[in-house]
Amino acid sequence: MSQLDELRQIIIGDNSAQLTELKQRIENVEQRTKDVAEVLSSAIEKELSSQQSGIVDSLQKPVTLGLKKAIRSEPQEYAEILYPVMAPSIRRAISQAISSMMVTINRTIESATTAQGLSLRYESLRTGIPYAELALRQTLLYRVEHLYLIDQNTGMAMTTLHADNAQSLDSDAVSAMFSAIQSFIHDSFSVDEGSRLTDLKVGDQNVWVVHGASAMLACVIRGEAPVSLRQELYDALDMVRTDFANEIAEYDGDAAKFMGARSILQPLLRSELKQEDSATENKKKDKPVGPILFSLGVLAALTWLVVHWYDSYSRLSTVKHFLDQTPGITANHVIHDDGKIVVQGLKDPDAIIPYQTLNSYGIAESDIRFATVPVRSLEPEMELARFTNEFSLPTGVSLYKKDGKIYLEGDAPYEWLKSNQTRILNLASDKRLNISRLAADEQSVRAAINARYDSVRINSMTSSIKTEHSKMGVVNIELEVSSKEFASLVSSFSGIPWVKIEANIK
Amino acid sequence: MIKKKVCMVGEFSVGKTSLTQKFVNNVFSETYLTTIGVKIDTVQIEDTKLVIWDIAGRDSLSPINASYLVGAAGVVLVADGTRLQTVESISEIWSTVREKIGEVPCVVALNKADLEDWCVDNTTIESLRDRGWDVFETSAKDGVMVESLFHKIVEKTKE
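Bear in mind that the values here come from a model prediction, so they are computed numbers and not experimental data. (Residues numbered from 1 in each chain as written. Chains lettered and ligands numbered in written order. Predicted model: local features only at pLDDT ≥ 70, side-chain atom pairs only at ≥ 80, totals over all residues. Heavy atoms only, no water.)

This brings us to the overall build of chain A. A count of helices and strands for chain A gives 18 helices and 15 strands. Computed over its C-alpha atoms, the radius of gyration of chain A comes to 59 Å, more than 25% above the 23 Å expected for a compact globule of 506 residues. Seen along its three principal axes, the alpha-carbon backbone of chain A occupies a region of about 210 × 65 × 45 Å. The buried share of chain A, reckoned over its 506 residues, is 32%. About 31700 Å² of surface is accessible on chain A, with carbon and sulfur atoms providing 56% of the total. Charge separation in chain A, taken as the distance between the mean sites of 53 positive and 66 negative side-chain charges, equals 12 Å. (Helix = DSSP H or I, 4+ residues; strand = E, 2+ residues; numbered from the N terminus. Rg over C-alpha atoms; globule rule 2.2 N^0.38 Å. Buried < 20%, exposed > 50% of the residue type's maximum accessible area, 1.4 Å probe, protein only. Areas by Shrake-Rupley, 256 points an atom, 1.4 Å probe, with all protein chains shown as cover. Lys, Arg positive; Asp, Glu negative; His and termini not counted. Charge placed at Lys NZ, Arg CZ, Asp CG, Glu CD.)

Each helix and strand counted, chain B has five helices and six strands in total. The order of helices and strands in chain B, counted from the N terminus, is β-α-β-β-β-α-α-β-α-β-α. In summary, chain B has a C-alpha radius of gyration of 14 Å against a globular reference of 15 Å for 159 residues, a match within 12%. In chain B, buried positions account for 53% of the 159 residues. For chain B, the proportion of contacts with a sequence separation of at least 24, taken over those separated by at least 6, is 71%. Carbon and sulfur atoms make up 48% of the accessible area of chain B, which totals about 7200 Å². (Contact = heavy atoms within 4.5 Å.)

What follows deals with the packing of aromatic side chains. Residue and element names in this part refer to chain A. Counted by the stated rule, this structure contains eleven aromatic pairs over all chains. Between the aromatic rings of Phe244 and Phe258, the centroid separation amounts to 6.0 Å while the plane-to-plane angle is 35 degrees, which identifies the pairing as tilted. With Phe244 in the loop between α9 (228-243) and α10 (245-249) and Phe258 in the loop between α10 and α11 (262-265), this residue pair connects regions lying 14 residues apart in the sequence. This pair shows no difference in class: Phe244 is buried, exactly as Phe258 is. Relative to Tyr361, the ring of Phe322 has its centre 5.3 Å away and its plane inclined at 45 degrees; by these criteria the two rings are tilted. Separated by 39 residues along the polypeptide, Phe322 in helix α13 (residues 289-324) and Tyr361 in the loop between α14 (355-360) and β9 (368-374) bring together distant segments of the chain. Phe322 gets classed as buried once you look at its relative accessible area, which sits at 16%. (Phe/Tyr/Trp six-rings, centres within 6.5 Å; stacked < 30°, edge-to-face > 60°.)

In this section: the pairing of strand β15 (residues 499-505) of chain A. Residues and elements named next belong to chain A. The pairing of strand β14 (residues 475-481) with β15 spans seven bridges and is classified as parallel. By the bridge assignment, Val475 is partnered in β15 with Val499. Read as a crossover between parallel neighbours, the route from β14 over helix α18 (residues 483-493) to β15 is right-handed. (Pairing = 2+ DSSP bridges. Right-handed = clockwise from strand over helix to strand, strands pointing away.)

All we've got here are geometric facts, nothing functional implied.
Here it is in C-alpha cells:
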C-alpha cells in the first residue's frame, strides 16, 4: 500500500467502499436513468406545489415539439382521442353561428318591410353602405369591431382583431395614428406623464384605449358599450402583459410572436343586440301593414292604369291600322270618346268596313262610330266596284283593274254599246275608264243592220286591230244601199264611234 | 413579417411627403400641401412592412415634434438641394433625433434633383458621407433614387 493510499485510508476510513459503489453507480447509465425516473415525478410535483415554474418552463419547449411531431406522424389517432372533446364544442359553435345568422336574417327581413326599412334602403343608395350593414347597425346596441394591441414605444400593432364584416382598415396605419394622436395630445396639452388618451368619439363609433406600461389596447366600438367593457379591456391587457411580458419588452416588429395573444383578446370582439322589448316597441311603432297595403294599392292602381292605357292604345291602333288598308276611307284620327272608338276623316259610303277582321281582335261593329265626311272616292278599287254595279256587263266584255287603271275590254253587243255609250264615253273622257280595247261585236252590228233594212247588201265588214294605244276598236262596213236607206242608216249609227259605215248608193 | 417604423424628418417644404407619396402610391403633385402633425403610410418591401411616419417639417416657429420619433427603427433626413440652409440644418435635426431616440440607422435625401437651381456641391455631399450617412440625390417628381432611398433604410434597419 502506498503512502497515499494509507493517507486516504486514514481520512476516509470505511467510507471508501461506499465511494467506490457511488462511482460505479454514476458511471452506469442504466442505473442513472433508473435513479432519475425515480425522483422526476416527485420533483415535478414538488415544483408545482411550491408554485415555481423552473421545470415547467424547461419542459415546455421539448413537450411542445414532441407533441407536434407525434400529431404529425399519427394525426388519425390524435383526432380520435380529441373527437369526444372537440365535437360537442364544434357542434355548439356551429349551432350558435346558425342561430345568430337566423336572428340577423329575421331582423333584416323584418326591417325591410317597414317604413324604417325603406328609409334604410334610401340611405344605402345614398351612402353606398350595404343595406345589411345599415340594418344591422339599427338593431345593434353595440359591437366591438376592431381591437389593436399597440406597442407604446413604436406605435406599431403587435396584433389586431376585427369583427366579421367590419370595415377593413390598414391596422398598422391605424395603430400608428392612435399612437401619434396620443403623442400629439400629450405634447399639446402639457398633461401629466400618467395622463393618457382614453376615449375618442367619431359619429356612432367610439374608441376606447386602455394603457399598460409598454402596451396599449385600442378598441373600436360601434354604438354604446356598457362601462363594464372597459374593465374587461384592462383585464385582457393585463393578461397579455403577464403572458407576453418578454415579447412586449423585446418587441422588434415581429407580430408573429403575439399570435397567442389573440385567444385572450378574441372574447372581447362581441356585440349585443337591442333588447327584444325595445324591438317589439319599434315593431308596434312601425306598423308595417299600413305602408305595405298603401304601397300595394298604389302599385295596383298604377298597374291598372298602365294596362288600361295599353289596351286602349292597342284597340285604337288596331282600328286605324285596318282602316288605313281599307279603300274608300281616310282615317285622320281614331280616338276614344264616350266609350266608343270614334273615327274622324273621310269615308266613301260604298266603302266596305272590315268588321269581321276587327271582330277577331275583340272590336265589335257597335264599338265603332264614324264621324266622317262623306266623299266619292276615286281609288281604283272603289271605281271598279262602282262600275261593276253600274254596267250590266254582257258576255265577252270584262271590267278589271291593272296598274292603278280601270279597263273595259272586249267585243260588246251593238245594243249594249248604244244604251251605255254616253256614260262610257264620259268616263273615258275623264280618264276614269280605259276603253282602248273595247269594240263592237261584228255579228251584233250585222244583225242590227239586217233587222232594219232587208234589202241592204253588205259587201265587206272589217274590224280595226285593237291595241292598248288605240283610241278604240272600230268596225268598218262597206255596203250598197239606196240614198234613202243610207240616210236612215247613218242616223241610226250616229254617236256610236265603234262602227264606221261606207256606202255605194244604188 | 417584421414591421419597422421609419420617420421622415427635415425642414419645412423639403419634400418629405412627396417622397413618401411617390414611393408608396407612385404619385406626385406640384401642389404644395403642408403636413400638420404627422401622416402615416404603410408599404411592404420584401419581407418587411414599413410604417412611415411623415412628420411635419421644422421651421423657426415649429420645432420638430420629437415625440413622434419614439420607437423609430430608422430615420430619413430630408433636405432641399435647392436651399442650402435646409442641408445645413440636417446636423441640428440629427442632434434632436439622437437626443430623443439615440443612434438609429439613418439615410439622407437631398431632394428636388430635377430642378436647375441645385446648389449642393460635391464637398458638401462628401462631408455628409463622412458622417457615415448614405446620401441620395432624389427627385420626388421624376422618382429618381426614391426606391433606392427607402430600400437602403430598410436594409440598414435590419443590420
